[in-house]
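Spelled out, the chains give:
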Amino acid sequence: MSTGLTLSFVPLAQQGAGPVLAVLAGKSGLAPELTQRLGAAPAKRLSEAMSAENFKGKTGAALALPAETGFGEKPTHVVIIGVDSDDEESRPGFVRLGGQVYSKLPKGRDASVLLITPKGPFSPEDSADFALGMKLAAYKFDRYITKKKPDENGEVAKSVLLHVADPVAARRAMKTREAIYGGVEIARDLVNEPPNVLTPVEFAARAEKLEKLGVEIEILDEKTMKKLGMRALLGVGQGSEQESRLVIMKWMGAKNEKAQPIAFVGKGVVFDTGGISIKPAAGMEDMKGDMAGAAAVVGLMHALASRKAKANVIGAIGLVENMPDGKAQRPGDIVKSMSGQTIEIINTDAEGRLVLADVLWHVKQKFNPAFMVNLATLTGAIMVALGQEHAGLFSNNDELAERLFKSGKATGEKLWRMPLGAEYDKQIDSKVADMKNTGGRFGGSITAAQFLQRYVDGCPWAHLDIAGTAMGSPQTDINKGWSSGFGVRLLDRLVADFYEG
Ligand code: BES
Ligand code: MN
Ligand code: ZN
């Protein structure tokens, strides 16, 4: 969905437009340059109001004043917004700041924001990050609300001018942020879509839209997957009326189109009832979000292709619906995966790993990538371990894990490394097959990761368990909805910082 928000960069000196003028204040008050910009008398009046109200410029604080006289631009009111926080200097500081300021602007009105603090004017990169934060905060999913509120008392500022020192450079820096925002928006939309609309076939059709950005798309139907022997993936979907799909997306942006690619793999269970091991009714509607891993991969491919990333990247998503039915898979079934390894199904609700097993194996065999990173809303147990602040990071490769961890810190999409090991691996040994699909009560997220590791064939690999971070997400300065789009900004950063150029 669009944000309803139009942002433009204009010079600091340019007259503001619209009824609202927003200025940023730090501990020491307003930037000295603002005296000239606003006029001595108005600047003095703002300073006086700040001391009268004991306003210290703290992040999250805002002071709105009527602007009767003296302002050249004649706003009807001025908002002083505090930006004094410890990490305002570092990204994701500026992204978050954009979200914070957005929430302090009066709703439904055009506004001008002067991007200058006592520490100086925002750099072009910081200005673009700030704008990205505003857009992320303005996102909402209202496609299915037929009675929308009228604009006057609606929820979004319509057009916002961002006054910056160097608008040309800020606009240039904004190009990559537009690409990233577009990717997050796609991921959020996909996760928010209801499961009667977003079937595997419809999901594949949405991914196919990336073709217009130069992404090559291959869609494997059930017949093709059967030929390839993907019985682990197909077994999950066999109880559904909806056909399963596997979508491969290729963005070959590196100088050498033949250079070894990197790969991202997503779990796309468009709805997870649990199957025959059916879930309790309470909260089951949330399982429409069990495709957030696949959504993040599509969003990531959009971002990379839109900003023409200089990297060869494969995206692969396994799309199935997990339903109970006369044809559904049973606990006790033994299925043969594409790798040849057999799996005893203990619990049909541990389905994500079955889908990923075949997709990971296929991607490794077909593309021999330098690494594979998979994203999956894989276990409830990861929320017990880490809450909703960190996604679980499991990896067989310390360098890849470290790079992911750093990208998490840089974007605020935080990861926490979890262990793997032979002792945990034993928990999924089976008496009647090569392995079973659950590992007992303890360490549920770890045994799930051990299962996946058996399908990566020695490839450097990381698994991100995003069950707690991608859906039912905690509200933050830059996420006001149910789905955060977790993973898009993180992995775009991983590619940009470590695998381009
Ligand atoms: N999709 C769920 C995991 C999940 C739970 C995601 C809550 C988001 C929010 C997954 O398929 C699942 O059902 N996992 C089971 C595994 C168990 C049966 C071994 C779980 O976590 O209970
Ligand atoms: Mn499940
Ligand atoms: Zn699931």
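Computed from a prediction, not measured in an experiment: that's the story for all the values here. (Residues numbered from 1 in each chain as written. Chains lettered and ligands numbered in written order. Predicted model: local features only at pLDDT ≥ 70, side-chain atom pairs only at ≥ 80, totals over all residues. Heavy atoms only, no water.)

**Q** Before we move on, could you go through the sheet that holds strand β14 (residues 334-336) and cite the residues and values that matter?
**A** One open sheet accounts for 3 strands, arranged β14-β15-β19; its pairing is mixed. Two strands lie at the open edges of the sheet, namely β14 and β19 (435-436), each paired on one side alone. (Pairing = 2+ DSSP bridges. Helix = DSSP H or I, 4+ residues; strand = E, 2+ residues; numbered from the N terminus.)

**Q** Describe the pairing of strand β17 (residues 391-395), and please don't skip the residues or the numbers.
**A** Within β17, 5 of the 5 residues are buried, which leaves it mostly tucked inside the rest of the structure. Bridging between β17 and strand β18 (residues 415-417) involves 3 bridges; their strand directions are parallel. Bridged to leucine 393 within β18 is arginine 417. Once the chain exits β17 it traverses helix α12 (residues 398-411) before rejoining the sheet at β18, and the crossover so formed is right-handed. (Buried < 20%, exposed > 50% of the residue type's maximum accessible area, 1.4 Å probe, protein only. Right-handed = clockwise from strand over helix to strand, strands pointing away.)

**Q** Can you tell me about the coordination of the zinc ion (ligand 3), naming the residues and giving the values?
**A** With distances of 2.0 to 2.4 Å, the protein atoms coordinating the zinc ion (ligand 3) are Lys267 (NZ), Asp272 (OD), Asp290 (OD) and Glu351 (OE). In this structure, the zinc ion (ligand 3) is surrounded by 6 donor atoms whose angles at the metal cover 78 to 176°, and the resulting shape is octahedral. All donors of the zinc ion (ligand 3) belong to a single chain; written as a sequence motif, their spacing is K-x4-D-x17-D-x60-E. Residue lysine 267 is classed as buried on the basis of its relative accessible area of 2%. (Donors = N, O, S within 2.8 Å, 3.2 Å for Na, K, Ca; no water. Tetrahedral: all angles 85-135°; square planar, octahedral: opposite > 155°, others 65-115°.)

**Q** Lay out the domain arrangement of the chain with the relevant residues and their values.
**A** Domain parsing of the chain yields domain 1 (6-165) and domain 2 (179-498). Computed from C-alpha atoms alone, the centre-to-centre distance between domain 1 and domain 2 is 39 Å. Across the boundary between the two partners, domain 1 contributes 15 residues, which contact 20 residues of domain 2. Between the two partners, domain 1 and domain 2, sit 1 salt bridge. Between the two partners, domain 1 and domain 2, sit 6 residue pairs in polar contact (both at pLDDT 80 or more). Secondary-structure elements contributing two or more residues to the side of domain 1 that touches domain 2 are α3 (93-104) and α4 (124-138). A total of 5 residues in the side of domain 1 that touches domain 2 trace back to one element, the largest contributor, which is α4. (Domains from an automatic or database assignment. Contact = heavy atoms within 4.5 Å. Salt bridge = Lys/Arg side-chain N within 4 Å of Asp/Glu carboxyl O. Polar contact = N/O pair within 3.5 Å; in protein donor to acceptor, adjacent residues only side chain to side chain.)

**Q** Break down the site of ligand 1 for me, with residues and values.
**A** Surveying the vicinity of ligand 1 reveals 17 residues, the closest of which are Lys279, Asp290, Asp349, Glu351 and Gly380. Contacts to ligand 1 include aspartate 272, whose side-chain N or O atom sits 2.9 Å from an oxygen atom. One of the backbone N or O atoms of threonine 377 is found 3.4 Å from a nitrogen atom in ligand 1. For ligand 1, whose free accessible area comes to 520 Å², the fraction covered by protein is 77%. Considering only residue class, the shell around ligand 1 consists of 5 nonpolar, 5 polar and 7 charged. (Near = heavy atom within 4 Å. Areas by Shrake-Rupley, 256 points an atom, 1.4 Å probe, with all protein chains shown as cover. Nonpolar A, V, L, I, M, F, W, Y, C, P; charged D, E, K, R; others polar.)

**Q** Tell me about the coordination of the manganese ion (ligand 2), residues and numbers included.
**A** Tetrahedral metal sites with four donors have an ideal angle of 109.5 degrees; octahedral sites with six donors have ideal angles of 90 or 180 degrees. Looking at the manganese ion (ligand 2), one finds its protein donor set to be Asp272 (OD), Asp349 (O), Asp349 (OD) and Glu351 (OE), positioned 2.0 to 2.2 Å from the metal centre. Geometry at the manganese ion (ligand 2) is irregular, judged from the 6 donor atoms that bind it and their angles of 70 to 166° at the metal. All donors of the manganese ion (ligand 2) belong to a single chain; written as a sequence motif, their spacing is D-x76-D-x1-E. Residue aspartate 349 is classed as partly exposed on the basis of its relative accessible area, which comes to 22%.

**Q** Tell me about unusual backbone geometry, and please be specific about residues and values.
**A** Located in the positive-phi region is lysine 308, a residue other than glycine, with phi close to 50°. For lysine 308, the position within the fold is in the loop between α9 (292-306) and β13 (312-322). Note on lysine 308: relative accessible area 57%, which makes it exposed.

**Q** A description of the packing of aromatic side chains should follow, citing residues and the corresponding values.
**A** All told, the structure shown has 7 aromatic pairs when counted by the stated rule. Taken together, a centroid distance of 5.9 Å and an interplanar angle of 55° make the contact between phenylalanine 141 and tyrosine 144 tilted. For phenylalanine 141, a relative accessible area of 22% translates into the label partly exposed. Ring centres of phenylalanine 264 and phenylalanine 371 lie 5.8 Å apart, and the angle between their planes is 80°; this geometry places the pair in the edge-to-face category. (Phe/Tyr/Trp six-rings, centres within 6.5 Å; stacked < 30°, edge-to-face > 60°.)

**Q** How would you summarise the environment of leucine 420 if you had to cite specific residues and measurements?
**A** Summarising the element assignment, leucine 420 is placed in the loop between β18 and α13 (422-426). Put simply, leucine 420 and serine 112 are 308 residues apart on the chain and 51 Å apart in space, counted from C-alpha to C-alpha. Excluding its chain neighbours within four sequence positions, the residues that come into contact with leucine 420 are Phe394, Ser395, Asn396, Ala449, Gln450, Gln453 and Trp461.

**Q** How would you sum up the pairing of strand β6 (residues 111-114)? Please name residues and give values.
**A** With burial as the criterion, each face of β6 is covered, one bearing Ala111 and Val113 and the other bearing Ser112 and Leu114. The pairing of strand β2 (residues 20-26) with β6 spans 4 bridges and is classified as parallel. Counterpart to alanine 22 in the pairing with β6 is valine 113. Bridge count between β6 and strand β9 (residues 159-164): 4 bridges; the pairing is parallel. Following the sheet pairing, leucine 114 is matched in β9 by histidine 163.

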